[in-house]
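Secondary and tertiary structure notes
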Amino acid sequence: MVSDVGVVFPADESGKRSSLGVNQAIWADAVRGVAPELAARIEASRAWRKEYAASIPEITALCATSRETAQAVAAAGLESARSRINFERDGETIPLADAPNVDPAFEFATETIKGRGAAADELVVPYLGKQLRGDALRRKLADWVAHGIIEPSAAAELNLVIDNPQWLRLAGQRVAVLGAGAQTSPLPALTSWGAEVLAVDLPREQVWERILETAREGASTVHFPVRTDVKGSVAARAGANVIENVPELAHWLRGFNDQPMVLGVYIYADGALHVQATLAADVIGTSLVANGQKVAMAYAGTPSDCFLVSPDAVEDSNSRRRSRKWRALELPMWTVSAGKLYAPAYDELLESADGDSMGIIDAIVTQQGPNYSLAKRLQRWRAIESWRDGQQASFNVAPPTWTVSVTKNRVLAAGYYGARAAGLEVFAPETMSVLMTALLIHDLNVAPVDEHPELRLTRAGVHGGYWRVPFDIRSTLLYTGLVGIPRAYIPEIQFR
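Once a new chain begins, its residue numbering starts again from 1 and follows that chain's sequence as written. Given that the model is predicted, a residue must reach a pLDDT of at least 70 before its local features are reported, and side-chain atom pairs must reach 80 or more before they are shown or counted; all residues, however, enter totals for whole chains, interfaces and linings. The basis for every side-chain value is the complete set of heavy atoms in the structure, and neither hydrogens nor water enter the calculation.

Re the environment of Glu 122
Our working rule: Helical segments are the DSSP runs of H or I of at least four residues, strand segments are the runs of E of at least two, and each set is numbered from the N terminus. Classification of residues uses two cut-offs on accessible area relative to the type maximum, computed with a 1.4 Å probe and protein chains only: under 20% is buried, over 50% is exposed, and between them is partly exposed. Whether two residues are in contact is decided by their heavy atoms: any pair within 4.5 Å suffices. Think of a polar contact as two N or O atoms within 3.5 Å of one another; within protein, one of them needs to be a possible hydrogen donor and the other a possible acceptor, and neighboring residues in sequence only count if both atoms come from side chains.
Along the chain, Glu 122 turns up in the loop between strand 4 (109–114) and strand 5 (124–127). Overall, Glu 122 belongs to the partly exposed group, its relative accessible area being 28%. The spatial distance from the C-alpha of Glu 122 to the C-alpha of Arg 133 is 7.5 Å, given a sequence separation of 11 residues. Discounting chain neighbours no more than four positions away, the residues touching Glu 122 are Arg 133, Gly 134, Pro 165 and Leu 168. A polar contact of 2.7 Å, which involves the side chain of Glu 122, links it to the side chain of Arg 133.

Laid out in structure tokens, this is it:
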């Protein structure tokens with residue numbers, strides 16, 4: 001799906017908007033300044049929808065060569081996306097960077113709800129029907145580390161949040177949550193902790209009824225935009241379309257310039273809409289900074305991507321593979337299948353000019369498509385740009401999660417149902433949301449480690465096991481998919 005209004009892909013001579021060619025061009029532009037031969041190969045592809053997944057690991061490995069290279073790729077990729085994508089309204093095409101300064105077609109009013117609950121005084125994580133807190137939560141974090149489900153640095157950061165429950169309120173800051181009604185939105189956690197929130201989601205009454213109930217049950221103050229020219233209940237008048245309402249949302253958010261703001265991007269959309277929404281959030285954030293506001297961009301990354309990870313993760317994966325009791329059977333299967341089954345997760349370590357060592361993990365799921373990969377990479381690039389410019393930003397990799405967007409795709413659902421057979425753990429949305437929001441809290445309170453920006457992206461990964469399992473994720477898809485097929489295609493039947 002491609003939107004024809006607001007933040008849009010350019011139209012060709014026939015008026016058709018195709019995202020694929022622009023997607024391809026953005027990736028080529030990202031590397032042109034540091035690897036022109038790679039840019040040329042990307043541009044020469046005649047089957048980008050099939051070939052994009054093979055190029056992204058090359059681009060990621062290129063970023064390992066130095067911190068400056070990673071920053072240059074991020075800057076060039078963002079510049080390309082910002083220049084190739086436009087804003088259209090009333091038949092007029094406007095450069096994307098100018099969209100926030102267009103005269104608003106209307107002004108949002110602000111409604112406010114003060115929650116009736118009491119603010120939580122400790123970090124509590126819902127998990128399999130239990131409420132983990134204190135020592136029980138610390139033991140679970142240690143267990144996840146031992147099983148390779150989260151990074152040790154993630155456990156360390158979460159333990160620090162446990163030790164400092166006063167951080168949870170985010171006193172003196174507001175969090176603007178784009179995608180407040182999403183399954184993995186941080187809204188429930190933030191409101192239970194007493195943090196002040198600016199909630200934004202699509203103008204859909206059912207969605208807003210849920211958001212408003214969350215706000216009422218919480219312990220914080222929640223502000224949200226409403227249309228004054230629409231009749232009906234508050235839920236019927238609430239909300240904004242981030243893609244279409246860039247000028248109006250930017251104008252509304254500028255009204256909250258008396259405190260530092262976190263602009264959290266938790267929007268998910270199918271296909272090209274994901275790219276459009278990501279860039280809409282990016283240009284709004286950029287305009288707020290240009291307006292003099294202190295803004296920290298915040299994202300939750302996907303594990304189904306290609307990342308540079310620490311040498312510790314590489315060695316852990318290799319150790320788990322070497323110690324498997326079925327190793328004698330798996331080696332011949334790897335050989336017979338020409339490396340398609342039971343393949344090692346990592347090749348040799350990459351070395352940067354700065355003396356950093358890292359492995360490259362490729363967990364791209366092609367069923368999610370090239371626009372999903374581009375949208376998630378744009379978020380990474382935006383975090384790197386913020387860090388380069390001395391601005392605060394939070395980016396943490398989230399685990400595979402039981403969301404509607406996954407379960408509606410039977411192929412992905414089958415892989416998730418069988419994930420445990422490969423050493424992975426799929427998280428419930430409420431568990432994932434609290435963990436990722438707690439990591440955001442950490443990032444807003446603790447000075448970051450000075451390191452290669454790609455390693456900074458993966459420092460506190462809650463990846464569900466993707467980076468430390470014994471084998472390449474895709475080389476285990478056959479048996480995880482087979483294990484999960486019954487539950488994915490006949491979910492009404494309980495298999496035990």
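Remarks on unusual backbone geometry
Note on backbone geometry: most residues besides glycine have negative phi, and most peptide bonds are trans. Residue Asp 90 is not a glycine yet carries a positive backbone phi of 55°. Note that Asp 90 resides in the loop between strand 2 (86–89) and strand 3 (92–95). Within the chain, Leu 170 stands out as a residue other than glycine whose phi angle is a positive 50°. Along the polypeptide, Leu 170 turns up in the loop between helix 6 (152–163) and strand 7 (174–178).

Some remarks on the environment of Pro 260
Tracing the backbone shows Pro 260 in the loop between helix 10 (246–254) and strand 10 (261–265). Here Pro 260 falls in the partly exposed class, since its relative accessible area comes to 28%. Between the alpha carbons of Pro 260 and Ala 296 there is a distance of 8.0 Å; along the sequence they are 36 residues apart. Residues within four places of Pro 260 in sequence aside, it is in contact with Gly 172, Gln 173, Arg 174 and Lys 294.

A word on the pattern of salt bridges
The condition that has to hold: When a carboxyl oxygen of Asp or Glu lies within 4 Å of a side-chain nitrogen of Lys or Arg, that pair is called a salt bridge.
A full pass over the atoms with the stated rule returns 30 salt bridges. Note that Arg 32 is salt-bridged to Asp 29, the shortest N-O span being 2.7 Å. Here Arg 32 and its partner Asp 29 are both found in helix 1 (residues 19–32), three residues apart, which amounts to about one turn of the helix. By relative accessible area, which is 17% here, Asp 29 ends up buried. Of the charged contacts in the structure, one is a salt bridge between Arg 227 and Asp 229, with a shortest N-O distance of 2.7 Å. On the basis of relative accessibility, which here comes to 23%, the residue Arg 227 falls in the partly exposed class.

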